[in-house]
Amino acid sequence: MICTTNYNGRIDETIFRQRRRLSRRLRCWAKAELIVIMVKNHPIYVETVIDTDMDKLWNYTHNPKLHEQWDLRFSKIDYLPKQNDDDPQTFLYETNIGFGLRIAGKGESVKTVYTDSGERVSSLKFWTDQPISLIREGSGYWKYVPTDQGITFFTQYNYKTRFGTIGKMFDRFLFKPLMGWATAWSFDCLRLWLEKDIHPHMSLIRSLIHYIVIIVLAFIWIYQGLVPKIFFQDAGELALLKGTGWFQGREALFLYVLGTGQVIFGLLFLIWGRKKRL
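Computed from a prediction, not measured in an experiment: that's the story for all the values here.

**Q** Explain the overall build of the chain to me, using residue names and the numbers behind them.
**A** Scanning the chain for helices and strands turns up seven helices and 11 strands. Among the 278 residues that make up the chain, the fraction classed as buried is 41%. Sequence-distant contacts in the chain: of pairs separated by 6 or more residues, those separated by 24 or more amount to 53%. When the accessible surface of the chain is split by element, carbon and sulfur atoms take 60% of a total near 16300 Å².

Put into structure tokens, the structure is as follows:
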């Protein structure tokens with residue numbers, strides 16, 4: 001079963017097969033034990049399996065000082081003191097977005113559910129009054145399911161945006177895919193921290209190196225295909241082809257085909273390379 005949480009924090013059970021039925025309409029990225037699902041105008045869903053015990057995973061996701069280290073979406077998380085033990089846990093969060101700007105908001109842990117089978121569900125809501133924030137308010141849940149391979153860790157969340165139609169369009173085509181990627185990266189980062197003791201800072205450095213290498217290599221392939229073979233055919237390359245005697249006056253055409261192939265390879269290398277797990 002999948003738990004979904006609405007804006008009032010109420011937890012509803014829906015049939016797990018619904019995720020499979022929607023598969024043709026989803027933009028779904030599934031790699032090994034990491035599943036990311038983003039449907040246009042629908043919640044972000046991320047699922048992974050972590051080889052650890054329940055209490056340790058719970059601590060790493062509910063201790064704010066640990067949480068802020070692996071979650072790319074937050075730069076700082078602070079729990080606010082409770083007046084009574086039964087009161088919901090409220091917290092403040094900050095996200096640095098660059099150029100000295102930051103988004104600050106507030107959240108509240110609405111409900112925590114423990115089941116007889118050992119599963120746990122933690123639901124929350126969050127909001128910010130900052131006018132520069134695209135997100136106005138939202139809600140979501142974390143779900144923990146014990147399995148033979150470890151703990152299956154789910155999240156699903158959604159939010160309401162500012163700035164009317166422009167904000168909705170920006171969210172649909174850019175911001176929500178970016179949030180889905182950040183959530184997936186963070187889950188993988190947490191998995192590596194718990195399973196292999198690789199600190200999130202090291203995972204970040206490794207990811208940056210990986211993406212820089214992918215971009216540079218893809219650029220080289222695309223550049224070599226476009227500039228000397230399609231846009232400005234190099235005389236030296238044409239002479240080399242003529243010297244082989246294989247093409248008999250069709251050297252320029254072959255160079256166009258070769259350049260197109262290099263551009264396609266560079267683009268595919270860029271697409272496939274960025275999907276590599278940490």
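Read on for the rest.
**Q** Go over the pattern of salt bridges, please, and point to the residues and values.
**A** One pass over the full model with this rule turns up nine salt bridges. The partner of D78 in a salt bridge is K65, and the shortest N-O contact between them spans 3.1 Å. On the criterion of sequence distance, the pair formed by D78 in strand β6 (residues 76-79) and K65 in helix α3 (residues 64-70) is long-range, its members being 13 residues apart. According to the relative accessible area criterion, D78 is partly exposed, its value standing at 26%. For K76, the salt bridge is made with D78, and the minimal N-O distance between the two is 3.7 Å. Through salt bridges with shared partners, a single ionic network connects K65, K76 and D78.

**Q** How would you sum up the pairing of strand β9 (residues 120-127)? Please name residues and give values.
**A** Judged from the eight bridges that link them, strand β8 (residues 101-114) and β9 form a sheet pairing that is antiparallel. The residue bridging E108 from the neighbouring strand is K125, located in β9. If you look at the hairpin formed by β8 and β9, you'll find five residues sitting between the two strands, and G118 has a positive phi there, around 95 degrees. Alignment of β9 against strand β10 (residues 135-147), held across eight bridges, turns out to be antiparallel. In the sheet register, K125 faces β10, and the bridge partner there is S139.

**Q** With reference to specific residues and values, describe the nonpolar core.
**A** As a rule of thumb, soluble globular proteins bury nonpolar side chains together. In terms of nonpolar packing, the biggest core is built from 29 residues, with L57, W70, Y144, F153, Y159, M179 and L190 touching the most fellow members. Counting only elements with at least two residues in this core, the list comes to β5 (44-50), α2 (54-62), α3, β7 (90-98), β10, β11 (150-161) and α4 (164-196). Looking at this core element by element, the count peaks at eight residues for α4. Formed by five residues, the second largest nonpolar core is a distinct cluster that contains Y45, Y141, V145 and F154.

**Q** How would you sum up helix α5 (residues 200-231)? Please name residues and give values.
**A** The terminal C-alpha atoms of α5 lie 44 Å apart, and with 32 residues this matches the ideal 46 Å at 1.5 Å per residue to within 8%. The largest bend along α5 reaches roughly 25 degrees and is located at Y223. Among the residues of α5, P200, S203, S207, I214, A218, I222, G225, P228, K229 and I230 are the ones counted as buried.

**Q** Tell me what's going on with the side chain of D71, and back it up with residues and numbers.
**A** Tracing the backbone through its elements, the reader meets D71 in the loop between α3 and β6. Of note is the side chain of D71, whose polar atom sits 3.5 Å from the side chain of S186.

**Q** An account of the packing of α2 against α4 is requested, with residue identities and associated values reported.
**A** Packing of α2 against α4 brings their axes to within 12 Å, and their N-to-C directions diverge by 135 degrees. The angle between α2 and α4 places the two elements in the oblique class. Crossing of α2 against α4: the hand is right-handed. Counting all contacts with α2, which are made through K56, L57, Y60 and T61, the residues of α4 involved are L190, W193 and L194. Residue classes in the contact of α2 with α4 are distributed as five nonpolar, one polar and one charged.

**Q** A description of the environment of R120 should follow, citing residues and the corresponding values.
**A** Among the structural elements, R120 can be located in strand β9. Sequence separation between R120 and K143 is 23 residues, and the spatial gap between their C-alpha atoms is 5.8 Å. When near neighbours in sequence (up to four residues on either side) are disregarded, R120 contacts M54, D55, W58, V113, Y114, W142, K143 and Y144. Side-chain polar atoms of R120 contact the side chain of D55, separated by 3.1 Å.

**Q** Summarise the environment of Q149; cite the residues concerned and give the values.
**A** Mapped onto the secondary structure, Q149 falls in the loop between β10 and β11. Given a relative accessible area of 52%, Q149 falls into the exposed group. Discounting chain neighbours no more than four positions away, the residues touching Q149 are V49, I50 and D51.

**Q** Describe the packing of aromatic side chains, listing the residues and the values that go with them.
**A** The relative placement of two aromatic rings is captured by the distance of their centres and the angle of their planes. In the structure shown here, the tally under the stated rule is 16 aromatic pairs. Chaining the aromatic ring pairs together yields one cluster made of W58, W70, Y114, W142, Y144, F153 and F187. Here the guanidinium or amino end of K176 rests over the ring plane of Y159, the centre of that ring lying 5.2 Å away.

Reading the values: the criteria
Residues numbered from 1 in each chain as written. Predicted model: local features only at pLDDT ≥ 70, side-chain atom pairs only at ≥ 80, totals over all residues. Heavy atoms only, no water. Helix = DSSP H or I, 4+ residues; strand = E, 2+ residues; numbered from the N terminus. Buried < 20%, exposed > 50% of the residue type's maximum accessible area, 1.4 Å probe, protein only. Contact = heavy atoms within 4.5 Å. Areas by Shrake-Rupley, 256 points an atom, 1.4 Å probe, with all protein chains shown as cover. Salt bridge = Lys/Arg side-chain N within 4 Å of Asp/Glu carboxyl O. Pairing = 2+ DSSP bridges. Core = buried A, V, L, I, M, F, W, Y, C linked by side-chain atoms within 4.5 Å. Expected span 1.5 Å × (residues − 1). Bend = angle between axes of the 7 residues up to and from the residue. Polar contact = N/O pair within 3.5 Å; in protein donor to acceptor, adjacent residues only side chain to side chain. Axes fitted to C-alpha atoms, helices over the stretch in contact; angles between N-to-C directions. Parallel < 35°, antiparallel > 145°, perpendicular 65-115°, else oblique. Left-handed = near helix turned anticlockwise from the far one by under 90°. Nonpolar A, V, L, I, M, F, W, Y, C, P; charged D, E, K, R; others polar. Phe/Tyr/Trp six-rings, centres within 6.5 Å; stacked < 30°, edge-to-face > 60°. Lys NZ or Arg CZ within 6 Å of the ring centre and 35° of its normal.

The quantities given are spatial measurements derived from coordinates; they are silent on function.
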